[in-house]
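Here is what each chain is made of, one letter per residue.
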Amino acid sequence: MVKSVNVIGRGRVGSAIAARLEERGFELREDGGELALLCVPDTAIRDVAQGLSPDAWVAHVSGATPLSALDPHERRFSLHPLQTFTRARGPEQLDGAWAAVTAETEEARELAFELARLLGLEPFELEDADRPLYHAGAVVASNYLVALYEAAAGLVAAAGAPPEALEPLMRRTIENGFELTGPIERGDWETVEAHREAIRRARPDLEPLYDVLAEATVR
């Protein structure tokens, strides 16, 4: 296992990773080091990698970027924490999250898995070719949840109810293992149609979204 790491990029992800590595007793380097861990925006990975020494391990934490972005380095891997991060919290954000590992050699895979577990992550293997599909799923689960909440909050607010009242409902849905309840589960199509009519009057811009989600829920 490497002992010195250069965490390049101290944004939301990089700052959490650097803090956890420091907790675990790693030497954090601003240059050099046995591993250069790129926590920079996806569009910067290729340029940053090309400027690094070929002697050290190089890895990135992007979910969407292929390993070829780390060319010409051969000692390389990617480790993507499947989690959303905020600057308001610290390394505890890593605890219990999963991590997608892409590696081309057994040595790289072993290093990536060990690093993931030291960070508090549960690693799994991901083929490079499957990265776009995997990342699309992650975006639906996280980014689109934000959009979904904003849509739901808009409808609730239009009814004069407090949007923050939705948050316990959303959390409990996750805690219940995403068990489906509500009018579609009951086959109550009159209620669904009443929803559509009310949305059409109050927030017609959200009717197409409601219809698409209803169709997906039926399936």
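Up top is the structure.
K.L.:
Before we go on, may I ask you to explain the nonpolar core in this structure?
P.N.:
One broad trend across soluble globular proteins is that nonpolar side chains are buried collectively. Counting residues in each nonpolar core, the largest one holds 29 residues, and the members touching the most others are Val5, Ile17, Leu21, Leu35, Phe77, Leu79 and Leu121. Counting only elements with at least two residues in this core, the list comes to β1 (4-8), α1 (12-23), β3 (35-38), β4 (57-60), β5 (76-82), β6 (98-103) and α3 (106-119). Among the elements that make up this core, the one with the highest residue count is α3 (7 residues). Setting aside residues up to four positions removed in sequence, Leu121 forms contacts with Leu79, Pro81, Leu94, Ala97, Trp98, Ala99 and Ala116. In terms of nonpolar packing, the next biggest core, distinct from the first, is built from 10 residues, Ile8, Ala36, Leu38 and Ala49 among them.

K.L.:
Teacher, can you tell me more about α3 here?
P.N.:
The terminal C-alpha atoms of α3, which comprises 14 residues, lie 20 Å apart, in line with the 20 Å expected from a rise of 1.5 Å per residue. Taken as a whole, α3 has its buried residues at Ala108, Leu111, Ala112, Phe113, Leu115, Ala116 and Leu119. Where α3 is buried, its residues contact α1, β3, β4, β5, β6 and β7 (122-125). Positioned one or two residues after α3, Gly120 has a phi angle of 95°, which is positive.

K.L.:
Please explain unusual backbone geometry as it appears in this structure.
P.N.:
Negative phi values dominate among residues other than glycine, just as trans dominates among peptide bonds. Omega for the peptide link from Asp71 to Pro72 comes to 5°, which places this bond in the cis form. Residue placement: Pro72 occurs in the loop between β4 and β5. Unusually for a residue other than glycine, Phe178 sits at a positive phi of about 60°. Mapping Phe178 onto the fold places it in the loop between α5 (166-175) and α6 (183-186). Overall, Phe178 belongs to the exposed group, its relative accessible area being 61%.

K.L.:
Sorry, what's going on with the pairing of β6 here?
P.N.:
The two faces of the sheet receive side chains in turn, since in a regular strand these alternate between them. Note: β5 against β6, 6 bridges, orientation antiparallel. For Phe77, the partnering residue across the bridge sits in β6 and is Ala103. One ladder, built from 4 bridges, connects β6 with β7; its direction is parallel. When the bridges of β7 are listed, Trp98 appears paired with Glu122. Once you follow β6 into α3 and on to β7, the crossover reads as right-handed.

K.L.:
How should I be thinking about the sheet that holds β7 in this particular structure?
P.N.:
The strands making up a sheet associate through backbone hydrogen bonding, with each pair oriented either parallel or antiparallel. Overall, mixed pairing links the 7 strands, which are arranged β2-β1-β3-β4-β5-β6-β7 in an open sheet. Looking at strand neighbours, the two that pair on one side only are β2 (27-28) and β7, the edges of this open sheet. In terms of strand pairing, β4 meets β5 through 3 bridges, oriented parallel. Within β5, the position partnered with Val58 by the bridge is Arg76. In this fold α3 packs onto β3, β4, β5, β6 and β7, with an angle of close to 30° to the strand it touches most, β5. Packing of helix α4 (residues 131-158) onto the sheet brings it into contact with β4, β5, β6 and β7, and relative to β5 it is tilted by some 20°.

Parameters at a glance
- Residues numbered from 1 in each chain as written.
- Predicted model: local features only at pLDDT ≥ 70, side-chain atom pairs only at ≥ 80, totals over all residues.
- Heavy atoms only, no water.
- Core = buried A, V, L, I, M, F, W, Y, C linked by side-chain atoms within 4.5 Å.
- Buried < 20%, exposed > 50% of the residue type's maximum accessible area, 1.4 Å probe, protein only.
- Helix = DSSP H or I, 4+ residues; strand = E, 2+ residues; numbered from the N terminus.
- Contact = heavy atoms within 4.5 Å.
- Expected span 1.5 Å × (residues − 1).
- Pairing = 2+ DSSP bridges.
- Right-handed = clockwise from strand over helix to strand, strands pointing away.
- Axes fitted to C-alpha atoms, helices over the stretch in contact; angles between N-to-C directions.

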